[in-house]
Amino acid sequence: KIFSLDLGGISAVVLNGYDAVKECLVHQSEIFADRPSLPLFKKLTKMGGLLNSKYGRGWTEHRKLAVNTFRIFGYGQRSFEQKISEESLFFLDAIETYKGRPFDLKHLITNAVSNITNLIIFGERFTYEDTEFQHMIEIFSENIELAASASVFLYNAFPWIGILPFGKHQQLFKNAAEVYEFLHELIERVSENRKPQSPRHFVDAYLDEMDCNGNDPESTYSRENLIFSVGELIIAGTETTTNVLRCAVLFMALYPNIQGK
């Protein structure tokens, strides 16, 4: 029920069965709460930010801030349902522009879902005609696929291949650098006219924490970790929900009797 694997130099422990999983993830949760220090994570986020941070003060601080911010500005407010309904109308209007012609729903669904997260992170949504943001969303999706590629698996096992000028891992690094610059500029823009301790969105709340911990040399709040956290929240809040909705649309297309209901 518990066995180990050596995945090209990466040690992995496989848990098989409910009891083994519950013992490790519930009863021994703190022991198993950490993230693996994979070369890919070190390269992209230096094990900082929110999702890939090492278990400890940084992980605790960033997770607490994210949970509280999303509760205050979004998911804890009943009024947020209205914002989701409004985005649904924008989504339907965009579909109408195709006038019944076939098209790929992926990008529209991705934009619609992302905009719900964007309202909390940046305090604003992005139009479906915003080509710059569309490009960033495409890069996010591409990087998720690249992260699961054989090339990146080999990079994690043998990080020295990072010096080679070719391979999918190099495309992933290039995309990540482009996203980093885009998010840096976007964060600068949405934080203009910020009033300290009067946050309008996640970015403001994060900058408030930076101000409060400015004299603490061990504080994990930084501009760099803010950019990492924002990027990870966009990915976490977009990709999974988008895929679920795409599956739901496909299911209704295949079973029209369900779609009537």
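Note that the structure is a prediction, hence the values are computed from the model and not measured. (Residues numbered from 1 in each chain as written. Predicted model: local features only at pLDDT ≥ 70, side-chain atom pairs only at ≥ 80, totals over all residues. Heavy atoms only, no water.)

Draft legend 1. Focus on the overall build of the chain. The secondary structure content of the chain amounts to 11 helices and two strands. For the chain, the succession of helices and strands along the chain, N to C, is β-β-α-α-α-α-α-α-α-α-α-α-α. Considered along the principal axes of its C-alpha atoms, the chain spans approximately 55 × 50 × 45 Å. Of all 261 residues assigned to the chain, the portion counted as buried reaches 36%. When the accessible surface of the chain is split by element, carbon and sulfur atoms take 58% of a total near 15800 Å². Seen as two clouds, the 26 positive and the 33 negative side-chain charges of the chain have centres 4 Å apart. (Helix = DSSP H or I, 4+ residues; strand = E, 2+ residues; numbered from the N terminus. Buried < 20%, exposed > 50% of the residue type's maximum accessible area, 1.4 Å probe, protein only. Areas by Shrake-Rupley, 256 points an atom, 1.4 Å probe, with all protein chains shown as cover. Lys, Arg positive; Asp, Glu negative; His and termini not counted. Charge placed at Lys NZ, Arg CZ, Asp CG, Glu CD.)

Draft legend 2. Structural view of the domain arrangement of the chain. We note that the domain assignment places domain 1 (1-33) and domain 2 (36-260) within the chain. Using only C-alpha atoms to locate each centre, domain 1 and domain 2 end up separated by 28 Å. Contacts between domain 1 and domain 2 engage five residues on the former and six residues on the latter. Surface buried jointly by domain 1 and domain 2 totals about 480 Å² across both partners, of which 74% is contributed by carbon and sulfur atoms. Viewed at the interface, domain 2 and domain 1 are joined by zero salt bridges. Put simply, domain 1 and domain 2 have zero residue pairs in polar contact (both at pLDDT 80 or more) between them. Class assignment for the residues of the side of domain 1 that touches domain 2 results in three nonpolar, one polar and one charged. (Domains from an automatic or database assignment. Contact = heavy atoms within 4.5 Å. Buried area = accessible area lost by both parts, 1.4 Å probe. Salt bridge = Lys/Arg side-chain N within 4 Å of Asp/Glu carboxyl O. Polar contact = N/O pair within 3.5 Å; in protein donor to acceptor, adjacent residues only side chain to side chain. Nonpolar A, V, L, I, M, F, W, Y, C, P; charged D, E, K, R; others polar.)

Draft legend 3. Structural view of the environment of Lys 174. You can see Lys 174 is positioned in helix 8 (residues 168-190). Residue Lys 174 is classed as exposed on the basis of its relative accessible area of 56%. Between the alpha carbons of Lys 174 and Asn 143 there is a distance of 9.9 Å; along the sequence they are 31 residues apart.

Draft legend 4. Quick look at the nonpolar core. In this structure, Ile 121, Phe 122, Leu 183, Phe 202, Val 203 and Val 230 are the most contacted members of the largest nonpolar core, which totals 32 residues. For this core, the secondary-structure elements that each account for two or more residues are helix 3 (57-75), helix 5 (106-121), helix 6 (131-147), helix 8, helix 9 (202-212) and helix 10 (223-254). A total of six residues in this core trace back to one element, the largest contributor, which is helix 8. With near-sequence residues (within four places) excluded, Val 203 lies in contact with Ile 121, Phe 122, Ile 187, Val 190, Ser 191, Leu 226 and Val 230. The next biggest cluster of nonpolar side chains, apart from the first, holds eight residues, and it includes Ala 94, Ile 109, Ala 112 and Val 113. (Core = buried A, V, L, I, M, F, W, Y, C linked by side-chain atoms within 4.5 Å.)

Draft legend 5. Spatial organisation of the side chain of Glu 239. When you line up the elements, Glu 239 lands in helix 10. This buried residue, Glu 239, is left without a salt bridge; Lys 106 holds the nearest opposite charge, at 5.2 Å. Within the local environment of Glu 239, its side chain forms a polar contact with the side chain of Ser 141, the two groups lying 3.5 Å apart. Once residues within four sequence positions are removed from consideration, Glu 239 is found in contact with Ser 141 and Ile 144.

Draft legend 6. The arrangement of helix 8 in detail. Between its first and last C-alpha, helix 8 extends 33 Å over 23 residues, near the 33 Å set by a 1.5 Å rise per residue. For helix 8, the set of buried residues is His 169, Leu 172, Phe 173, Asn 175, Val 179, Phe 182, Leu 183, Leu 186, Ile 187 and Val 190. Packing partners of the buried residues in helix 8 comprise helix 2 (39-45), helix 6, helix 7 (150-157), helix 9 and helix 10. (Expected span 1.5 Å × (residues − 1).)

Draft legend 7. Broad picture of the environment of Asp 208. Assignment of secondary structure puts Asp 208 in helix 9. For the pair formed by Asp 208 and Lys 46, sequence separation is 162 residues and the distance between their alpha carbons is 23 Å. A polar side-chain atom of Asp 208 sits 2.6 Å from a polar atom in the side chain of Arg 194.

Draft legend 8. Layout of the pairing of strand 2 (residues 10-15). As defined by bridge partners, strand 1 (residues 2-7) adjoins strand 2 across six bridges and the pair is classed as antiparallel. Counted as the bridge partner of Ile 2 is Leu 15 from strand 2. Connecting the antiparallel pair strand 1 and strand 2 is a turn made up of two residues, with Gly 8 showing a positive phi of about 60°. (Pairing = 2+ DSSP bridges.)

Draft legend 9. Region of the structure containing the packing of aromatic side chains. With the rule as written, the count across this model stands at 10 aromatic pairs. Taken together, a centroid distance of 3.9 Å and an interplanar angle of 5° make the contact between Tyr 98 and Phe 103 stacked. With relative accessibility at 28%, the residue Tyr 98 sits in the partly exposed group. With a relative accessible area of 29%, Phe 103 lands in the partly exposed category. Ring centres 4.2 Å apart and planes at 5° place the aromatic pair Phe 126 and Phe 133 in the stacked group. By relative accessible area, Phe 133 is classed as buried at 3%. A cation over a ring is seen here: Arg 125 above Phe 90, with NZ or CZ 4.0 Å from the ring centre. Here the guanidinium or amino end of Arg 125 rests over the ring plane of Tyr 128, the centre of that ring lying 5.5 Å away. (Phe/Tyr/Trp six-rings, centres within 6.5 Å; stacked < 30°, edge-to-face > 60°. Lys NZ or Arg CZ within 6 Å of the ring centre and 35° of its normal.)

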